[in-house]
Structure formats: C-alpha cells, structure tokens
Amino acid sequence: MVNADQGENDVTRDRAIRLFTYLKELCALRSTQVRNVTTYDQVFWFDDLPHDKLCQCIAWCGEDSRQDGKDRNPDLWIEVRKPQLRSPPELPDEVEPWISEKQLHDSSSREPLIFDEIPRATFLGNAQDVDTNEKESLNEHPEVFEAWVTYLETQWKPWADEDRKLQKVQKVYNQLFNTYQRQEKLGEQYEVIIGIGLLNWRSPRSGEIRRHVVTLQSRIDFDRVRGIMSAGPAPDGAQPVLEYDMLETSDRPTPNTLIAIKNDVVALDGDPWNPTALELVLRGFVNAIPNPGEFLAILNPNEAGTGAGARINLAPALILRKRTRRTFEDFYRQIIEQTADGGIIP
C-alpha cells in the first residue's frame, strides 16, 4: 500500500517531468535550424592546416609519420606556432633602382619584374641636375641584368619558397588568433566547438544538408610569450554530442538506432579522436538514415564519394557559433532524466 506522502511525491514528480518536457519542446519549436555549417560565425577546417613543423594536428595521426599514436597528446587538438618571417635578401646596389620594392617582398609572385628602363635621375642616385624626362635603358647595362639573374636564382627564389610556406602558417595563426579574440570578447553568448563527421546530403524533405553530426566542446588558448595558438577540450571536457536537429524527423535514424548511436558517442568522451570509435559512430549514422550513404575518413570537406546518396566526411572543423536554444534543450533533457530516475525534483 502506497502512503500519502509517497503518492504526493509521485504526483509532484510527474508534474515536474511534464513541465520540463513542455519547456524542452518549446525550445525545439523556437530554434532556428542551421543546415549549412558555413552560416556559423567562423569555421576553420583542419584540412587547411599546413603540414609544417610549426603545426600540429591530432587528426593527422595515422597519416603523418611525424605524429604516430604513441606520441599523441589527447588534450592538444591543434597547435600553431607563430612563424619568424624574414625580409627578402638585400639587393645588390646596382640592381636596387631597377626593382619594385613591393614586388620584391611578394613571395606569391613567380618572380619580381625588372624594369626595362628607369629615370636617369634615379639611376644616378636621385641627382637634382638631370632632366626628369631622361631615361636609362636596361639594355645599356648588361652587368645589371647579370647581377639580377644571379641574385634571383641564388637568393630570392630560395627565400620565396620558404616564405610561401611560412605565410600559409601565418594565415592560419591569424585566423585562430582572431577566433580566440572573439571567444574572449563574446563570452558565454558564443561557444567554440569542434565539428566531426560532415554530413553532405540533398534530401527532398530536409533540403541541402552540410553539417557535422558530432560536436566536441573546445577552447582556444593563446601563449603570448611563446607565440602559440592551440585548441583542445573545454575546461569541463569534450562532452561529445550527436547533432541531428538539422534533419526532419522522417530523415533521422529510428529512435532505437539513435539511442544506440548516442551511446557510442558518449563512449567517445575518454578519447574523442579514436579513429575506430569515430568510424563506428559516423558510419553507423550515415547507414541509418533513409537514404544510406558512405563514410570517408578524410579531412577534406569537399571530397566527393563514389555514390549519389548521403556522404559523411571526417572533415573536422573548429567552429565559433552562437549558443542556441539547443543548449537549453539539453539542460531540460538532463533534468527530465534525473527526475525520472528518482533524483531531487527541481
């Protein structure tokens, strides 16, 4: 026989569960569905990280001989060290008037152009008593052209090859620094996550989908003394989550299958970059939707598969996005589960 206090407690618990279920569903109704990852504030693809000694990436394990599994730091997902950029080698004195300073510093060009002619006053060191209309022709100075060719081949081109590599690292460093600044400025309104498993699918019901199905909570850190940008798990951990809100209900895996996939995602928490466990989740998801597709364990988000159906590329990306009502949905869901399991009623 149930006593009065127990019966009253059950009624209160049932009311609490219904209240928070209502709030969770209300959040879901008011949420704006994001179907394309590019609509987020900032997206940095791991595939854009240069394979350089100044960079590290946890997703390179298994494809980069410099980073095998035993040396992998599970809390260091991306690291970029600020490159030391150098100016181009100094020009020979006789060549300097014949070359554009701007072109000389542009390593992205094939090579700087040498002028066919220059003002005679410039050739003479900005002499004041020379007619400004007089020109000096390069054809009259073969020694200048010879010195230029020697400089170009032995000094400028080797510098340009190295500078092009460093400029790619600098570009990535700047991107991460910009995202770091926004992370610090915007605070709790925004979140930094890592998206893994990019779903590419043109569905007649959900439309064109280009979203990651697994997300990890992340944080960008800046070592201002050593000039290092890095990304790793958030202070409270990676907290992997399966995201499928971009799909209409009819395009999602069945409820029982979703539960199984979510359990596989939860199991990632200790090691979210385990390739075998990730493949289990991502291949399991893409095979469970109404139009089964294929999984490609590649970093390139744009690499097409062999089939015409849905496709999930590993394609990890660092993302800055505004916190949505999904966060509150998860909060209410946790309360519902705790209350239903006999926990303290809020």
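The coordinates are above.
A brief structural summary.

Take the overall build of the protein chain next. Counting secondary structure elements, the protein chain contains seven helices and 12 strands. Within the protein chain, the proportion of its 346 residues that are buried is 41%. Considering only intrachain contacts with a sequence separation of at least 6, the fraction spanning at least 24 residues in the protein chain is 65%. Carbon together with sulfur atoms contributes 48% to the accessible area of the protein chain, which is approximately 19,800 Å² in total.

Moving on, we get to the environment of Ile319. Along the chain, Ile319 falls in strand 12 (residues 317–322). Separated by 275 residues in the primary sequence, Ile319 and Phe44 place their C-alpha atoms 6.4 Å from one another. If we ignore the near neighbours within four places in the chain, the residues touching Ile319 are Val37, Tyr40, Gln42, Val43, Glu191, Val192, Ile193, Gly195 and His212.

This part takes up the nonpolar core. If you look at the biggest cluster of nonpolar residues, it comprises 55 residues, and the most contacted ones within it are Leu199, Trp273 and Phe285. Among the elements that make up this core, the one with the highest residue count is helix 4 (residues 142–186) (seven residues). The next biggest cluster of nonpolar side chains, apart from the first, holds 16 residues, and it includes Leu91, Leu104, Ile114 and Ala160.

A few words on helix 5 (residues 255–266). Relative to the 16 Å expected for 12 residues at 1.5 Å per residue, helix 5 spans 16 Å between its end C-alpha atoms, a close match to the ideal helical length. Among all positions in helix 5, only Leu258, Ile261 and Val265 are buried. One face of helix 5 carries all of its buried residues, which in axial projection span an arc of 65°. Set apart from the buried face of helix 5 by more than 90 degrees, the exposed residues are Asn256 and Val266. In this structure, the buried residues of helix 5 make contact with strand 7 (207–223), strand 9 (241–242) and helix 6 (275–286).

Across the six residues of strand 12, five count as buried, placing the element largely inside the fold. Inspection of the sheet shows strand 1 (residues 42–45) paired to strand 12 by four bridges, in the antiparallel sense. When the bridges of strand 12 are listed, Gln42 appears paired with Leu320. The pairing of strand 6 (residues 190–203) with strand 12 spans six bridges and is antiparallel. Residue pairing across strands places Glu191 opposite Arg321, the latter belonging to strand 12.

In this section: a negative patch on the surface. Taken together, Glu90, Asp93, Glu94, Glu96, Glu101, Glu143 and Glu146 make up a surface patch of like negative charges. On the secondary structure map, Asp93 appears in the loop between strand 3 (78–81) and helix 2 (101–104).

Two cysteines whose sulfur atoms are joined by a covalent bond form what is called a disulfide. Applying the stated rule across the entire model yields zero disulfides. Free of any disulfide, Cys55 has its nearest cysteine sulfur in Cys57, 9.3 Å distant. The exposure class of Cys57 is buried, given its relative accessible area of 1%.

Before going further, it helps to examine helix 4. Along its length, helix 4 reaches its greatest deviation from straightness, about 45°, at Leu152. Phi turns positive, to about 60°, at Gly187, one or two residues after helix 4.

Where helix 5 contacts helix 6, the two axes come as close as 9 Å, and the packing angle between them is 160°. The orientation of helix 5 with respect to helix 6, classified from their angle, is roughly antiparallel. Every pair of crossing elements has a handedness; the one defined by helix 5 and helix 6 is left-handed. Contacts between helix 5 and helix 6 pair Leu258, Ile261, Asp264 and Val265 from the former with Leu280, Val281, Gly284 and Phe285 from the latter. A class-by-class count of the residues in the contact of helix 5 with helix 6 yields six nonpolar, one polar and one charged.

Take the environment of Trp148 next. Here Trp148 lies in helix 4. On the basis of relative accessibility, which here comes to 2%, the residue Trp148 falls in the buried class. Along the chain, Trp148 and Trp98 lie 50 residues apart, while their C-alpha atoms are 9.2 Å from each other. When residues no more than four places from it in sequence are discounted, the contact partners of Trp148 are Leu91, Val95, Ile99, Pro112 and Ile114.

With respect to the helices, strands and loops of the structure, Ser206 is situated in the loop between strand 6 and strand 7. Apart from the residues within four sequence positions on either side, Ser206 is in contact with Arg35, Met246, Leu247, Glu248 and Asp251.

This brings us to the pattern of salt bridges. Between side chains of opposite charge, a pair can form as their charged atoms come close. All chains considered together, the criterion is met by 21 salt bridges. Residues Arg120 and Glu136 are paired through a salt bridge, measuring 2.6 Å at the closest nitrogen-oxygen approach. Highlighted residues: Arg120 in helix 3 (residues 120–123) and Glu136 in strand 5 (residues 135–137), separated in sequence by 16 residues. When its relative accessible area of 28% is taken as the criterion, Arg120 is described as partly exposed. Linked by salt bridges that have partners in common, Glu188, Glu191, Arg211, Glu243, Asp245, Arg321 and Arg323 make up one network.

What counts and how
Residues numbered from 1 in each chain as written. Predicted model: local features only at pLDDT ≥ 70, side-chain atom pairs only at ≥ 80, totals over all residues. Heavy atoms only, no water. Helix = DSSP H or I, 4+ residues; strand = E, 2+ residues; numbered from the N terminus. Buried < 20%, exposed > 50% of the residue type's maximum accessible area, 1.4 Å probe, protein only. Contact = heavy atoms within 4.5 Å. Areas by Shrake-Rupley, 256 points an atom, 1.4 Å probe, with all protein chains shown as cover. Core = buried A, V, L, I, M, F, W, Y, C linked by side-chain atoms within 4.5 Å. Expected span 1.5 Å × (residues − 1). Arc of directions from axis to C-beta. Pairing = 2+ DSSP bridges. Patch = residues over 30% accessible without salt bridge, like charges linked within 9 Å, V, L, I, M, F, W, Y side chains within 5 Å. Salt bridge = Lys/Arg side-chain N within 4 Å of Asp/Glu carboxyl O. Lys, Arg positive; Asp, Glu negative; His and termini not counted. Charge placed at Lys NZ, Arg CZ, Asp CG, Glu CD. Disulfide = S-S within 2.5 Å. Bend = angle between axes of the 7 residues up to and from the residue. Axes fitted to C-alpha atoms, helices over the stretch in contact; angles between N-to-C directions. Parallel < 35°, antiparallel > 145°, perpendicular 65-115°, else oblique. Left-handed = near helix turned anticlockwise from the far one by under 90°. Nonpolar A, V, L, I, M, F, W, Y, C, P; charged D, E, K, R; others polar.

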